[in-house]
Structures are given as structure tokens and as C-alpha cells.
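# A look at the structure
Residue strings, one per chain:
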Amino acid sequence: MRNPSKPYTGAGKALSRRSVLTGPAATCVAASAKWSWAAEIGGGPSFSADGPDAELYGAGENYPIKDPWRIYQPGNPASPKYRVGAFSHYDEIFPTRQVDRAATAWPFKRTPADVSYEYKGNRASLADYLARNPVTGLLIAKDDRILVERYQYGRTDRDRLMSQSMAKSITGMMIGIATAEGAIKSIDDAAETYVPGLKGTEYGATPIRALLHMSSGVKFGEENDEAKGSGDDLDRLWSDMVRKHWGSQKGTVASIAQFNQRIAPPGTRFHYASIETDLLGLVLGYATGQSMCGYLQEKIWQPIGTEADAKWMIDAEGREVAHGFFNAVLRDYARLARLLAHDGAWEGKQIIPAQWMIDATTVLASETYLAKADGGFGYGYQVYLFPGSRRQFALLGYLGQRILVDPPSKLVMVQTAVDEKSPEIWRLWSAVVAQFG
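Residues numbered from 1 in each chain as written. Predicted model: local features only at pLDDT ≥ 70, side-chain atom pairs only at ≥ 80, totals over all residues. Heavy atoms only, no water.

Looking at an unreviewed UniProt entry, the protein carries the name Serine hydrolase, with the source organism given as Bradyrhizobium jicamae.

Here it is in C-alpha cells:
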């Protein structure tokens, strides 16, 4: 459940497949916005009650959280009017499980900075970027120091902002920890080794490594695949697994097992499918005997000194929806990003195995099909890999959710948003790395 735009590699426009389908109107942005930044003393976060196209996104109704006329709320509000409210109050719409914060928060330092970059032949600043892009939160940090932290549309540093499919990468990290600890013996094991209910199914016979690479070879259509006649598969999975539509009692395992047509050998072709992360979540739960939230809390969330509780949406059976809908405050996303920039190490302690981080962000010579997997990105273990010789990777979520990581410089950028209408973020990120890397 994502639609990443291509990383910016030249002067041309690079849009997602969804942008291509929805036409030129999707690329238009407001030329200007009203600004009323109110900064904390000492270079703290800045807040704006406004933002580009604020009325479109529900400002006139104080950013409503859900549509009162719908019995069932969609996972991604179809109407832009509900996105700001829904994406910052997700636990008021859907059932979630809590991930408890650390007893003591690890503190960032601050060095306020601005960024200047070239976009469409003109010099641009962070204010220009925020005036053109429907961003709810933007944070740039270099190692332990926050350079930029800004919020729009009345959102604050207390709001838990939704990850969309960035949660897939969190799932992948936990698979790495469970493998290092021996709960998962090998990622070359088939999924059915850990999930008995999948024995005899195509997904059950798929190696965990292929699931990490989104290369199961089992037929499943995302929203992007509507033109191919299989775009309703994700809706079907949602109805059965999350909503228990019309009294369905399938449960999580059976909801996944119903997709049972193999169209390619595992590990031979990339095809983005959210269901493969949901299967990884099942493997993790069965292998560790813990909920995903409990495992995340113990292994990552508390060890990195998070300042706020997080929430993760659960399905009708009470299992976390591993492919999306994790919710956290912006600085905690930045702490997570810092952990990744240090290849899984935190203040001298290795939390995610370093070799796992290298393997997760490297395409082997034998896996060339992953080198240009999607929209100009390569693909690792549930993370996107930037092209070029410099090692950079990204957690990407639908409608502009981004965590960008540059391990050589320990630079990270976190963005939450309610839409993505241009490839400008890649110009901004390139300038951040050039200026502070």
C-alpha cells in the first residue's frame, strides 16, 4: 500500500504510477500558502495552523477525523478532507495496540539550519518546499542533532502521525532481530515452517527471503494493478482480515491463504504486494510467541529511548496489520531513522544486527531483478534502495510518508504528509546530503 515517486535523478518529472493514472491535475500544487510559524525558544519545533490547500484538507471543519456517514471507514480516506485528522488520530477510527515508550527519553540536541536547493530552475528554501507540499511534519537530523523540525495544518510534536507502508520496513527489521536470536532459524525457511495453517498453500511454500524481497511469485494485486484486473485483491484482503466483511470468519491465516495462484518461481521477479508483509508479520508472531507490538517495544522502541507511546492498527483477530498503519510522533520516527543510519547500533549497543542491515540494503549480483525494482529504486528487505554508488535507503509510504537515510553522514529526513503531488522531495534530500553530508 504505497506509491513511491522516483528518486530525482535529472531535470525530468518523475511521478508515481498512481499520479500517471490520475492525470495532470494530481501534479498541481498551490502557488502559495499563508505562514504563521510560532517557534519554541532555543530553536525548537515550529508550528503552523495553515498549509498548502488547507481548505481542501479540511481546515474549514477543523480537520475532521472521520466521515460520520460511513459505517466502515476506509484505511486511506478517499476524501482529502479527512486525511489530516485521520492520519493524526488513527486510533480513534480503528482498533490499535500500544507500544509503550521508554522510561527515559533519549534527548536530541538542536542546531537550527535551513536548506537551499534548485528546483525547476529557481532557488528554493524549506519555506518554499512547505508552501508547495501538503506536509504535516518534516524533521531533518544529523546523528544526534535536529536541524529542522516543522509542522503544518495544526499538527504538533504530540500528534502520532501515520506511517502508511513505512511500517513494512519496521516489520523487516524485527524479522532480522528474530533471525539473529534464533527464533527464526533461517530466512530460507518456508513460511509454513512457522505458520502451520499455511501448509500446502503457495504462500506457505514461499521462503521468507522472497517475502522480504516482495518476490513470492504468488498472484496478488495492489491498488496500482487495477488496470491489470487484480487491483481489488488488497480490498478483498482488507475486508476479510480487518473488517470481517459481511460476517466473514476467515481469520488472518485464511485471509492470506485464499490468494493461492503461483505465477512465477519465488525469488525471480519483484512485485509489490502488501500481503507479503502481512505474512512476515504472521511468521514473526508464531516464531517469537509475541505480538508485533510487544516485540517491537522490547527489542527496539524502548531501547532507543522513545518519548511517546506508539500505536499499531490490529486486524479482526487482534494481530497487527504488518503492512501499514503504525503511528508515532515525528521525533520517535527520527530516533528510529538514527538507529538505521548507524546500521542498527544505538549508543554502543547493537540492536539490529549490523550484517542484517547491510544485507537488507544491498542487492547481490545474483539478484539483479531487485536493482531497479520500482520507480527507479532498488529493493532490499522491505526497504527501498537509492540508485548510485552512495549507500542510501528509504522507508516509503503512500501519500508522501518518507524516512530517508544516509548512513555515511548519519543524516536522516522524516516526512509525514497527506498527499504527494511532485518529486520535489528528492531535490530537497539531495541538497540536504550535499549541504550537511
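Next up on the list: the packing of helix α4 (residues 166-180) against helix α9 (residues 292-301). Two numbers describe a pair of packed helices, the interaxial angle and the distance between the axes. Viewed as axis vectors pointing N to C, α4 and α9 meet at an angle of 70 degrees, and their least axial separation amounts to 11 Å. In terms of their interaxial angle, α4 and α9 are classed as roughly perpendicular. For the crossing formed where α4 meets α9, the hand is left-handed. Here Ile170, Thr171, Met173, Met174, Ile177 and Ala178 of α4 come into contact with α9, specifically with Met292, Tyr295, Leu296, Lys299 and Ile300. Here the contact of α4 with α9 is composed, by residue class, of nine nonpolar, one polar and one charged. (Axes fitted to C-alpha atoms, helices over the stretch in contact; angles between N-to-C directions. Helix = DSSP H or I, 4+ residues; strand = E, 2+ residues; numbered from the N terminus. Parallel < 35°, antiparallel > 145°, perpendicular 65-115°, else oblique. Left-handed = near helix turned anticlockwise from the far one by under 90°. Contact = heavy atoms within 4.5 Å. Nonpolar A, V, L, I, M, F, W, Y, C, P; charged D, E, K, R; others polar.)

Considering the arrangement of structural elements, one finds histidine 213 in the loop between α5 (208-212) and α6 (233-243). The class of histidine 213 is buried, set by a relative accessible area of 3%. Setting aside its immediate chain neighbours within four residues, histidine 213 contacts Phe270, Glu367, Tyr369, Leu370, Tyr379, Gly380 and Tyr381. (Buried < 20%, exposed > 50% of the residue type's maximum accessible area, 1.4 Å probe, protein only.)

Okay, the pattern of salt bridges next. Tallied over the full model, the rule gives 28 salt bridges. Measuring nitrogen to oxygen at the nearest pair gives 2.9 Å for the salt bridge that ties lysine 299 to glutamate 181. On the criterion of sequence distance, the pair formed by lysine 299 in helix α9 and glutamate 181 in the loop between α4 and α5 is long-range, its members being 118 residues apart. Notably, a salt bridge pairs glutamate 307 with arginine 331, separated by 2.9 Å at the nearest N-O pair. A residue pair is termed long-range when its members are at least 10 positions apart, and glutamate 307 in the loop between α9 and β10 (310-313) and arginine 331 in helix α10 (residues 330-341) qualify at 24 residues. (Salt bridge = Lys/Arg side-chain N within 4 Å of Asp/Glu carboxyl O.)

Membership of the largest hydrophobic core comes to 97 residues, with the highest contact counts inside it found for Ile300, Phe326 and Ile352. Among all residues touching isoleucine 352, those that are not within four sequence positions of it are Met173, Ile177, Ile300, Leu339, Leu340, Asp343, Gly344 and Met357. Tyr129, Val135, Val148 and Phe386 belong to the second largest nonpolar core, which has 34 residues in total. (Core = buried A, V, L, I, M, F, W, Y, C linked by side-chain atoms within 4.5 Å.)

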